[in-house]
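# Fold and contact review
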Amino acid sequence: MNHPLYEIVEEPIEVEKIIKKVERREAGAITTFIGTVREWTSGKRTMYLKYQAYQPMAVKMLQMIGEEMEEKWPNLKAAITHRIGELDISDIAVVICVSSPHRKEAYEANEYAIERMKQIVPIWKKEHWEDGETWIGDQLEKVAYPEGSPDMEDVKK
Amino acid sequence: MNHPLYEIVEEPIEVEKIIKKVERREAGAITTFIGTVREWTSGKRTMYLKYQAYQPMAVKMLQMIGEEMEEKWPNLKAAITHRIGELDISDIAVVICVSSPHRKEAYEANEYAIERMKQIVPIWKKEHWEDGETWIGDQLEKVAYPEGSPDMEDVKK
Amino acid sequence: MIRILLFAGLQEKLGKSSLVYECDTITIKVLKEQLKTAYELFEMDHVMTAVNEEYAMEDDIVKSGDTVAFIPPVSGG
Amino acid sequence: MIRILLFAGLQEKLGKSSLVYECDTITIKVLKEQLKTAYELFEMDHVMTAVNEEYAMEDDIVKSGDTVAFIPPVSGG
């Protein structure tokens, strides 16, 4: 395939190219989600981020999300690209595009995709703060393992 | 203003430019709605469309929607561009971009904007079918006045 | 003198995008009735009205110098 | 011989991205316990496991030739 619908890339993502992948004459609605690197999270300042992926499995999981979407919303077309490596503030980390004949499904399916992505796609974010760095642990943006390991309290549960 | 957030234009819309208007370092989520000209509606084939606007009022109403959004979702930034004139299949009629620190608000606000737009912004669509043309009457894509006037049944109500 | 703007189906039916209506003050309700009768514009029952680019109510009064726009059900997006 | 892949915090803690574990068959549960003890990887209690790029359950059995990846809570997007 020249333009796979589900990709993990290391270069900057061009939104227009992802949109192009889902354009169809029968689709009147295209929704796009663009996830960018945010400077401030809960009062802490991010300098830059690093994303790591288990790449072949991440692509498989993105494809699986696509199949789930097509089952839930027939006549939908989706494309997802996630970037990995080092990203600066405002850089695009992920783009999700969904096209559909009608808008309601396009919104619903797009939000479904990002929620599912944050559950099952093996990609990890490491925040580099002014005063340290941390691997982020889940979609709620709680810390998984500050200092690289959970405190004992957490382990004993 | 060089780049007004709310615009009615006659030229093709470049999505990237609208996205740029809402990008901010504190925003981690940008949602985009792209409304394109659909070829098939309820089994009828559209050849092309014509959009007409009451332009100064349409811009005012888009700005009002923006103010409503900022009230409902603080720390949100939105931009809306609607194209008018003759559009072909797959041409972009409208782009709504919303940026927000978190994704939930970005989806909600974006959907709010398109729903409000279809209620209050004075823009009209004329579908040109293979066998005729019709001004479209509301967001449900029911016909307002086939042949230019409602049938008497409708008027008597 | 009131300036009247017409759009979409209304504009096509009358073959023009604006009219001038001579009077000092009139309610929107009465103005609509007048136009409905004068031009057989049954559509007037289904249009919203804007006065000077703001939506207005049936009982609002327009006066000479105002611009009144009749807004058929919108269909942008 | 089972190939083990490590990511994120696990990878950093061990200073390597993969390990080789010599055995014919083993349940994921036991494999996790073994690694937890051998490398003091308390994080193993919180990781999901993938066998040959598919998520697997604690009771699933892996065998020589399989690739096992330990997946800390993901944080893409």
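Residues numbered from 1 in each chain as written. Chains lettered and ligands numbered in written order. Predicted model: local features only at pLDDT ≥ 70, side-chain atom pairs only at ≥ 80, totals over all residues. Heavy atoms only, no water.

Threshold: UniProt positions are given in the numbering used here, feature names are shortened, and annotations may be inferred rather than shown by experiment.
By the naming in an unreviewed UniProt entry, chain C is Molybdopterin synthase sulfur carrier subunit, taken from Oceanobacillus neutriphilus. Under the UniProt heading Sequence similarities (unreviewed entry), the entry covering chain C gives this text: "Belongs to the MoaD family."

Naming follows an unreviewed UniProt entry, where chain A appears as Molybdopterin synthase catalytic subunit of Oceanobacillus neutriphilus.

### So, the packing of aromatic side chains
Geometry of an aromatic ring pair is reported as the spacing of the ring centres plus the angle between the planes. Quick note on the threshold: What counts as a ring pair is set by centres within 6.5 Å for rings of Phe, Tyr and Trp (its six-membered ring), and what kind of pair is set by the plane angle: stacked under 30 degrees, edge-to-face over 60, tilted for all other angles. Labels follow the DSSP assignment, with helices taken as runs of H or I lasting at least four residues and strands as runs of E lasting at least two, numbered in each case from the N terminus. Accessibility here uses a 1.4 Å probe with only protein chains present; expressed as a share of the type maximum, an area under 20% marks a residue as buried, one over 50% as exposed, and anything in between as partly exposed. The rule is short: NZ of Lys or CZ of Arg within 6 Å of the ring centre and within 35 degrees of the ring normal puts a charge over the ring.
Counted according to the given criterion, the structure contains eight aromatic pairs over all chains. Taking 5.6 Å as the distance between ring centres and 10° as the angle between the ring planes, the aromatic pair formed by A:Tyr107 and B:Phe33 counts as stacked. Here A:Tyr107, found in helix H3 (residues 103-120), pairs with B:Phe33, found in strand S2 (residues 29-36), and the two come from separate chains. For the pair A:Tyr107 and B:Phe33, one class covers both residues: buried. Aromatic rings pair up to connect A:Tyr54, A:Trp124 and D:Phe7 into one cluster. The ring of A:Trp129 carries the charged tip of A:Lys44 above its face, separated from the ring centre by 4.6 Å.

### A closer look at the arrangement of the chains
Where we set the bar: Any two residues whose heavy atoms approach within 4.5 Å are treated as being in contact.
Across the gap from chain A to chain C, with no contact made, the nearest C-alpha atoms are 10 Å apart. The smallest C-alpha distance separating chain B from chain D is 10 Å, and no contact links them.

### A closer look at the pairing of strand S2 (residues 18-21) of chain D
Residues and elements named next belong to chain D. Heads up, the condition is: When DSSP finds at least two bridges between two strands, those strands are taken to pair.
Of the two faces of S2, only the one carrying Leu 19 and Tyr 21 is buried; Ser 18 and Val 20 on the other face are not. Of the strand pairs in this sheet, strand S1 (residues 2-5) and S2 are connected by four bridges, and their pairing is antiparallel. Bridging from a neighbouring strand, Ile 2 pairs with Tyr 21 of S2.

### Re the sheet that holds strand S2 (residues 18-21) of chain C
Just so we agree on the cut-off: The axes used here are C-alpha line fits, helices contributing only the stretch in contact, and every angle between their N-to-C directions lies in the interval 0 to 180 degrees.
Here five strands make up an open sheet; going across it, the order is S2-S1-S7-S4-S5 (chain C) and the pairing mixed. What marks the edges here is a single partner per strand, and that holds for S2 and strand S5 (54-56) of chain C. Direction aside, the axes of adjacent strands within the sheet are offset by 30° on average. Contacts from helix H2 (residues 55-72) of chain B reach strand S4 (48-51), S5 and strand S7 (67-71) of chain C within the one sheet, and its direction differs from that of S5(C) by about 90°.

### A short note on the nonpolar core
When a protein is soluble and globular, its nonpolar side chains tend to lie buried together. Note the threshold: Put simply, buried Ala, Val, Leu, Ile, Met, Phe, Trp, Tyr and Cys residues joined by side-chain atoms within 4.5 Å make one nonpolar core.
Counting 90 residues, the largest nonpolar core has A:Met69, A:Val121, B:Met69 and B:Val121 as the members making the most contacts within it. Apart from residues no more than four positions distant in its own chain, A:Val121 is found in contact with A:Ala58, A:Met61, A:Leu62, A:Ile65, A:Arg116, D:Tyr55 and D:Val74. A:Ile13, B:Ile18, B:Ile34 and B:Cys97 belong to the second largest nonpolar core, which has 24 residues in total.

### Focus on the pattern of salt bridges
Selection criterion: Salt-bridge detection follows one rule: a side-chain nitrogen of Lys or Arg within 4 Å of a carboxyl oxygen of Asp or Glu.
Applying the stated rule across the entire model yields 36 salt bridges over all chains. The salt bridge partner of B:Arg45 is B:Glu39, with a shortest N-O separation of 3.0 Å. Among the charged side chains, a salt-bridge network with shared partners connects A:Arg25, B:Glu39, B:Arg45 and B:Glu130.

### Examining the interface of chain B and chain C
Heads up, the condition is: What counts as buried area is the accessible surface, traced by a 1.4 Å probe, that two parts surrender upon association, with contributions from both included. Any N or O atom pair separated by 3.5 Å or less is treated as a polar contact, with the protein-specific requirement of one donor-capable and one acceptor-capable atom, and with residues adjacent in sequence counted only for side-chain atom pairs. In this classification, the charged set is Asp, Glu, Lys and Arg, the nonpolar set is Ala, Val, Leu, Ile, Met, Phe, Trp, Tyr, Cys and Pro, and all remaining amino acids, among them Gly, are polar.
On the chain C side, the residues contacting the 34 residues of chain B number 27 residues. Buried area between chain B and chain C, summed over both chains or domains, comes out near 2600 Å², and the portion from carbon and sulfur atoms is 58%. Applying the counting criterion to the chain B and chain C interface returns two salt bridges. A salt bridge links B:Lys126 to C:Glu12; its shortest N-O distance comes to 2.4 Å. There are 15 residue pairs in polar contact (both at pLDDT 80 or more) connecting chain B and chain C. In terms of residue count, helix H3 (residues 103-120) of chain B provides more of the side of chain B that touches chain C than any other element does, five residues in total. Among the residues making up the side of chain B that touches chain C, the classes are represented as 21 nonpolar, seven polar and six charged.

### Notes on the interface of chain D and chain A
Interfaces are frequently sized by the accessible area removed from exposure as the parts join. Listed per partner, the contact involves 27 residues of chain D and 33 residues of chain A. The interface formed by chain D and chain A contains two salt bridges. If you look at where chain D meets chain A, you find 14 residue pairs in polar contact (both at pLDDT 80 or more). Of all elements in the fold, only helix H1 (8-14), strand S4 (48-51), strand S5 (54-56) and strand S7 (67-71) of chain D reach the threshold of two or more residues within the side of chain D that touches chain A. Looking at the side of chain D that touches chain A, the element that brings in the most residues is H1(D), giving five residues. Across the side of chain D that touches chain A, the residue classes break down as 13 nonpolar, eight polar and six charged.

### Side note on the pairing of strand S9 (residues 132-135) of chain B
The sheet contact formed by strand S8 (residues 123-129) of chain B and S9(B) spans four bridges and is antiparallel. Across the sheet, B:Glu127 pairs through a bridge with B:Thr134, a residue of S9(B).

### Here we look at H3(A)
The α-helix winds at 3.6 residues per turn, so residues separated by three or four positions along the chain end up facing the same way. Going by this rule: Expected span of a helix: the number of residues minus one, times 1.5 Å.
In this model H3(A) runs 26 Å from its N-terminal to its C-terminal C-alpha over 18 residues, within 8% of the 26 Å that 1.5 Å per residue would give. Turning to H3(A), its buried residues number three or more, namely A:Arg103, A:Ala106, A:Tyr107, A:Ala109, A:Asn110, A:Tyr112, A:Ala113, A:Ile114, A:Arg116, A:Met117, A:Lys118 and A:Ile120.

### Thoughts on the sheet that holds S4(D)
Strands in a sheet are paired, the pairing made by backbone hydrogen bonds, and the direction either parallel or antiparallel. What the five strands build is an open sheet, ordered S2-S1-S7-S4-S5 (chain D); its pairing is mixed. With one partner strand each, in any of the chains shown, S2 and S5 of chain D form the two edges of the open sheet. Sheet twist, expressed as the average angle between the axes of neighbouring strands with direction ignored, equals 30°. Along the sheet, helix H2 (residues 55-72) of chain A makes contact with S4, S5 and S7 of chain D, crossing S5(D) at roughly 90°.

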